[in-house]
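# Architecture and fold: a report
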Amino acid sequence: MPNLLAHLNEPQLAAVTLPPQHALILAGAGSGKTRVLTTRIAWLISTRQLTPQGVLAVTFTNKAAREMHTRLAAMLPINTRGMWIGTFHGLCNRMLRAHHRDAALPQTFQILDSQDQLAAIKRLLRTLNVDDEKFPPRNLQYFINSAKEEGLRPPAVEAHDEYSRRCVELYAAYDEQCQREGVVDFSELLLRSYELLQRNELLREHYQRRFTHVLVDEFQDTNRLQYRWLKLLAGADSSVFAVGDDDQSIYAFRGANVGNMAAFEREFKVANLIKLEQNYRSHGNILSCANALILNNRHRLGKNLWTEAGEGEPVRVYEAMTDGQEAQWLVEEIRALARDGHARADMAVLYRSNAQSRVIEHALFSAGLPYRVYGGLRFFERAEIKHALAYLRLMENPNDDGAFLRVVNFPARGIGARSLEALQDAAKAANLSLFAAVETLTGAAAAKLGAFTRLIEALRSETRAMPLPELVEHVVARSGLLAHYQHEKEGQDRIENLRELVNAAVAFLSDEGIGQNVPADLGVANVAAPPAGVQFANVAPDIGAQGLEGAPADAADPVAPDTAPELSPLAAFLSHASLEAGENQAGEGDDAVQLMTIHSAKGLEFDAVFVTGLEEGLFPHENALTQASRFGDAASGGGAGRQQGAPPEQGLEEERRLMYVAITRARQRLYLSFSQTRMLHGQTRYSLKSRFVDELPDEALKWLTPRVQARGSASLEGWGGAWEGFGGSRGRGAGSGFGAGGAAGARATYDSGRLSGPEQRAAARFDRGIAYRVGQNVAHARFGEGVIVNVEGSGEDARVQVNFGREGMKWLALSVAKLQALG
DNA sequence: TCGGTTCAGAGTATT
DNA sequence: TCTGAACCGA
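### Re the overall build of chain A
Of regular secondary structure, chain A possesses 30 helices and 22 strands. Expressed as a percentage of contacts within chain A between residues at least 6 apart in sequence, the contacts between residues at least 24 apart total 78%.

Below, the structure is given as structure tokens:
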């Protein structure tokens, strides 16, 4: 244990060792948030306050979930497989597979990614003969997802005009279609799981008893439904440990609700608010820029980053005349850094929008500098992969009309639009899936369609005994996909990807369970047994190491999972493919400059960071300034919109937080650049420098180009001015007041309390039956409940250090203090 | 069924 | 300016 806690700073230690109470950890950028979260879990387990089964730890991305698994496995001698650590979607998937009957789903339900969902909506509109000009599929998709994320089923969506009433009808029709086909979209995973828990009291209580500790990463990014889901899962005896940073909330546009932080504090009566403000990433000048900038936001919980590292280098600012020149300057600077020994992979070029990467890529490419662009198509989103997956899905679930339509005529089998139309009519009339309706047809079309369904059935029987990778390989070949691409001129890459799919299957098998795709809930039995002698004090007796989920299924028991123990490897692989889109580009191994949007940079860090395009209208983006209208076009009518009536400054504040995120990515060197002109939408646009540049402290900046006076005057005046003589630098590169004192922050205090008078001595005898040990929960008359984090001395001199949460850390002499042992 | 033309739209994005 | 989607003709 001591080594677990070693090297934690005071607030970190306080957070990690909090007694089992709700807590909100305000974790600034680079403050060791993930470390605190994982160490907290490790500490609770190793002090026997918690078993691996009692943990529910939830993140947003697979990457973060993997990171948590890895770190935890490094700290504890346990197998983290089977633990409930994963993404919201991954965990909901797991719950729905385990209780699929209760959730009214087939065990092998397929998951629609956004692409699939959009295709399903388009298909729906076609079936219903709905004018897709009037009801653009994208808007409908947004409408449906927004409603689901508000927890609203069609009947609950308010519609006060004809248009929104129609949207609601289409929403209902879409849900029916999904149900018929046995498919579930991303928001449905959440909502279905939420409703399952809400409806089934026994199940809910089971999970509530089981998850004594609920830990949430990136809490500021949770949407309303996710928050409600957490509230349902946290029972009376659960402690919720939420870690987040309101200053890094940059996803309101996709439904994130920062308000959840304040709501959590209020609704859970959070007594422990701990701020992690010591930054281990960036030098002082960088942090002073971040701090000064974010101070301009009014709606904050409040936080100030500090570092023990020195001021470091000044933040460099560059003004270009054109976007092309800005890119050229980047190239020079990157070359210079590389000459100084910096790895290119440790440099990142950030921009507000993807379109900006063009110019930069062009310049890097011409200069022969290797680079890697984030974003774009990910592995499992590629067309050829989706085709292969469609075959596999159809084998698992013939009702999946989306998959059917995707590959029924790919590769071409002479099945044209007319045949399909006939098939769709027949299916609709008989209320059958397309696959099943094939049998009802007659004629020439029927023969070809029949050949297709027989192919699928043949694939199913041929591969029955095959291991997954072989199965995938077989299907890729037998379906004709491979041959199709072999005949295509530019099919080589696609063939390569299809081979890679086989490798993905191999990899999936080898680390199955590391992600959130453990079949059903049955990995629990694989969890290494806890150290001998561990009692499951905080865990309901029916959930020991074997776990309820490890027990044989019993349909009569409403809490028991109702699936057979194993989801087929194929079905598990398919959910993996939907839930984890995979890498977006090859070449990761190269020493390449990293190009990405600021959004994708969140959570990453680099030695040198270039934040480019700091221009009004671009960053802050004009759409964010004129906001409001953007939200709730389709959805507003239904009351399902996001951010309704958001005041205009909210858009600006989110942009500013984005800038804050950008700045705090840099470890040593930060460059800010902007251009007087920029090619945008085919037109040259004259830009003013971003207000964000003006919000930074002069003394932390070093101008690489002559600085133009007041805000806004940057643009045209400098234009044409021959200021080749660079190097006019203003910044003396120094701020003061960093590093040293500022450990403002954690509320916890660390006095060594000798609080009791001699008269209490008599009462101080501790129940000898229970030894004082680290992790022991105790109660104190004055300080309330706490947990022992340290024991020192013995006999009369024995002292214990107790973390009382809000009341802080105290050293208490056992001979004096009245302490009562708790469960 | 494919390939070329035309036209609209152009912010950020995970699952 | 560039891209992606839809559409039409061979």
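Moving on from the model shown.
### Quick look at the packing of helix α5 (residues 88-98) against helix α11 (residues 224-233)
For the pair α5 and α11, the least separation of the axes is 12 Å and the interaxial angle reads 50°. Judged by the angle between their axes, α5 and α11 are oblique. Of the two possible hands of crossing, α5 and α11 adopt the one that is left-handed. Here α5 contributes Phe-88, His-89, Leu-91, Cys-92 and Met-95 to the contact with α11, which in turn contributes Gln-226, Trp-229, Leu-230 and Leu-233. Partitioned by chemical class, the residues of the contact of α5 with α11 number seven nonpolar, two polar and no charged.

### Brief notes about the nonpolar core
Taken as a class, soluble globular proteins show a tendency for nonpolar side chains to be buried jointly. With 64 residues, the main nonpolar core has Trp-229 and Phe-264 as its most contacted residues. In terms of residue count, helix α8 (residues 162-181) provides more of this core than any other element does, seven residues in total. With near-sequence residues (within four places) excluded, Trp-229 lies in contact with Leu-56, Phe-88, Leu-91, Cys-92, Leu-190, Ser-193, Tyr-194 and Leu-197. By size, the runner-up hydrophobic cluster in this structure holds 50 residues, among which are Met-395, Leu-449, Tyr-485 and Phe-573.

### Examining the sheet that holds strand β10 (residues 347-351)
Spatial strand order, β11-β12-β10-β13-β14-β9-β17: seven strands in an open sheet with parallel pairing. If you trace the sheet from one side to the other, it starts and ends with β11 (371-373) and β17 (701-703), each paired once. Taking the axes of each pair of neighbouring strands and ignoring which way they run, one obtains an average angle of 25° across the sheet. The strands touched by helix α14 (residues 323-339) within the sheet are β9 (315-320), β10, β12 (593-597), β13 (606-611) and β14 (666-675), with β14 carrying the most contacts at an inclination of about 160°. Sitting on the sheet, helix α15 (residues 357-366) is in contact with β10, β11 and β12, with an inclination near 160° to β11.

### Section: the side chain of Ser-238
For Ser-238, the location among the structural elements is in the loop between α11 and β7 (239-244). We classify Ser-238 as buried; its relative accessible area is 4%. There is a polar contact of 3.4 Å between the side chain of Ser-238 and the backbone oxygen of Gln-208. Engagement of the side chain of Ser-238 in a polar contact is seen with the backbone oxygen of Phe-211, the distance being 3.0 Å. Residues in contact with Ser-238, not counting those within four places in the same chain, are His-22, Gln-208, Phe-211, Thr-212 and Leu-233.

### Topic: the protein's contact with DNA strand C
Lining the immediate environment of DNA strand C, one finds Lys-122, Arg-358, His-681 and Gly-682. For DNA strand C, a phosphate oxygen lies 3.4 Å from a polar atom in the side chain of Arg-358. Here the residues of the surface near DNA strand C sort into no nonpolar, two polar and two charged.

### Remarks on the layout of surface pockets
Considering only enclosed or pocket space, the second largest pocket measures out at about 570 Å³ in volume. Looking at the second largest pocket, it is lined by 23 residues, and the ones nearest its centre are Thr-127, Gln-177, Arg-180, Gln-424 and Lys-428. Looking at the lining of the second largest pocket, the elements with two or more residues in it are α6 (114-127), α8, α17 (401-407) and α18 (417-430). Looking at the lining of the second largest pocket residue by residue, the classes come out as seven nonpolar, seven polar and nine charged.

### Details of the packing of aromatic side chains
This structure, assessed with the given rule, holds 25 aromatic pairs. Judged by centre distance (5.4 Å) and plane angle (55°), the rings of Trp-84 and Phe-211 are tilted. Residue Trp-84 is found in strand β3 (residues 84-87), and its partner Phe-211 is found in the loop between α10 (201-210) and β6 (213-216); the two are separated by 127 residues along the sequence. Grouping residues by exposure puts Trp-84 and Phe-211 together as buried. Seen in terms of ring centroids, Phe-783 and Phe-804 are 5.1 Å apart; in terms of plane orientation they differ by 50°. Their pairing is tilted. In this pair, Phe-783 is assigned in the loop between β18 (777-780) and β19 (784-792) and Phe-804 in the loop between β20 (799-803) and β21 (809-813), connecting sequence segments 21 residues apart. Through pairs of rings, three or more aromatic residues link up here, namely Phe-219, Tyr-227, Phe-264 and Phe-268. Its guanidinium or amino end placed over the ring of Tyr-374, Arg-372 lies 4.4 Å from that ring's centre, counting from NZ or CZ. If you follow Arg-799 out to its NZ or CZ, it ends over the ring of Trp-811, 4.3 Å from the centre.

### With respect to the pairing of β3
With four bridges joining them, strand β2 (residues 55-59) and β3 adopt parallel strand pairing. Within the sheet, the bridge partner assigned to Thr-59 lies in β3 and is Thr-87. This β-α-β element, β2 to helix α4 (residues 62-75) to β3, shows right-handed connectivity.

### Considering the environment of Glu-462
Among the secondary structure elements, Glu-462 is positioned in helix α20 (residues 444-462). Taking relative accessible area as the criterion, Glu-462 reaches 30% and is therefore assigned partly exposed. It is 8.8 Å that separates the C-alpha atoms of Glu-462 and His-474, two residues lying twelve residues apart in sequence. With residues up to four places along the chain from it excluded, the contact list for Glu-462 reads His-474 and Arg-478.

### As for the environment of Asn-399
On the secondary structure map, Asn-399 appears in the loop between α16 (383-396) and α17. Expressed as a C-alpha distance, the spacing of Asn-399 and Ile-41, which sit 358 residues apart in the sequence, is 42 Å. Leaving out residues up to four positions away in the same chain, Asn-399 has contacts with Arg-180, Glu-181 and Ser-433.

### Quick look at the pattern of salt bridges
A side chain with one charge may pair with a side chain of the opposite charge, provided their charged atoms come close. Considering all chains together, one arrives at 45 salt bridges under this definition. The partner of Asp-113 in a salt bridge is Lys-386, with the nearest N and O atoms 2.5 Å apart. Separated by 273 residues along the polypeptide, Asp-113 in the loop between β4 (110-112) and α6 and Lys-386 in helix α16 bring together distant segments of the chain. Residue Asp-113 shares its accessibility class with Lys-386, and that shared class is buried. Its salt-bridge partner being Arg-657, residue Glu-654 comes within 3.3 Å of it at the nearest N-O pair. On the criterion of helical spacing, the pair formed by Glu-654 and Arg-657 is a turn pair, its members being three residues apart in helix α28 (residues 648-663). Salt bridges linked by common partners bring Lys-148, Arg-153, Asp-175, Asp-185, Glu-188, Arg-192 and Glu-195 together as one network.

### As for helix α23 (residues 492-510)
Three- or four-residue spacings in an α-helix give side chains the same orientation, since the helix completes a turn every 3.6 residues. In a regular helix each residue adds 1.5 Å, so 19 residues correspond to 27 Å; α23 covers 27 Å between its end C-alpha atoms and thus fits that length. Buried residues of α23: Ile-495, Asn-497, Leu-498, Leu-501, Val-502, Ala-504, Ala-505 and Phe-508, and no others. Each buried residue of α23 lies within a common arc of 160° when the element is viewed along its axis, so the set occupies one face. Exposed and facing more than 90 degrees away from the buried side of α23 are Gln-492, Asp-493 and Ser-510. Those residues of α23 that are buried lie in contact with α16, α21 (468-478), α22 (481-487) and α24 (569-579).

Rules used in this analysis
- Residues numbered from 1 in each chain as written.
- Chains lettered and ligands numbered in written order.
- Predicted model: local features only at pLDDT ≥ 70, side-chain atom pairs only at ≥ 80, totals over all residues.
- Heavy atoms only, no water.
- Helix = DSSP H or I, 4+ residues; strand = E, 2+ residues; numbered from the N terminus.
- Contact = heavy atoms within 4.5 Å.
- Axes fitted to C-alpha atoms, helices over the stretch in contact; angles between N-to-C directions.
- Parallel < 35°, antiparallel > 145°, perpendicular 65-115°, else oblique.
- Left-handed = near helix turned anticlockwise from the far one by under 90°.
- Nonpolar A, V, L, I, M, F, W, Y, C, P; charged D, E, K, R; others polar.
- Core = buried A, V, L, I, M, F, W, Y, C linked by side-chain atoms within 4.5 Å.
- Buried < 20%, exposed > 50% of the residue type's maximum accessible area, 1.4 Å probe, protein only.
- Pairing = 2+ DSSP bridges.
- Polar contact = N/O pair within 3.5 Å; in protein donor to acceptor, adjacent residues only side chain to side chain.
- Near = heavy atom within 4 Å.
- 1 Å grid on protein atoms, 1.4 Å probe; cavity = no way out; pocket = protein on both sides within 12 Å on 5 of 7 lines; lining within 4 Å.
- Points joined across faces, edges and corners; volume = space filled by probe spheres on them.
- Phe/Tyr/Trp six-rings, centres within 6.5 Å; stacked < 30°, edge-to-face > 60°.
- Lys NZ or Arg CZ within 6 Å of the ring centre and 35° of its normal.
- Right-handed = clockwise from strand over helix to strand, strands pointing away.
- Salt bridge = Lys/Arg side-chain N within 4 Å of Asp/Glu carboxyl O.
- Expected span 1.5 Å × (residues − 1).
- Arc of directions from axis to C-beta.

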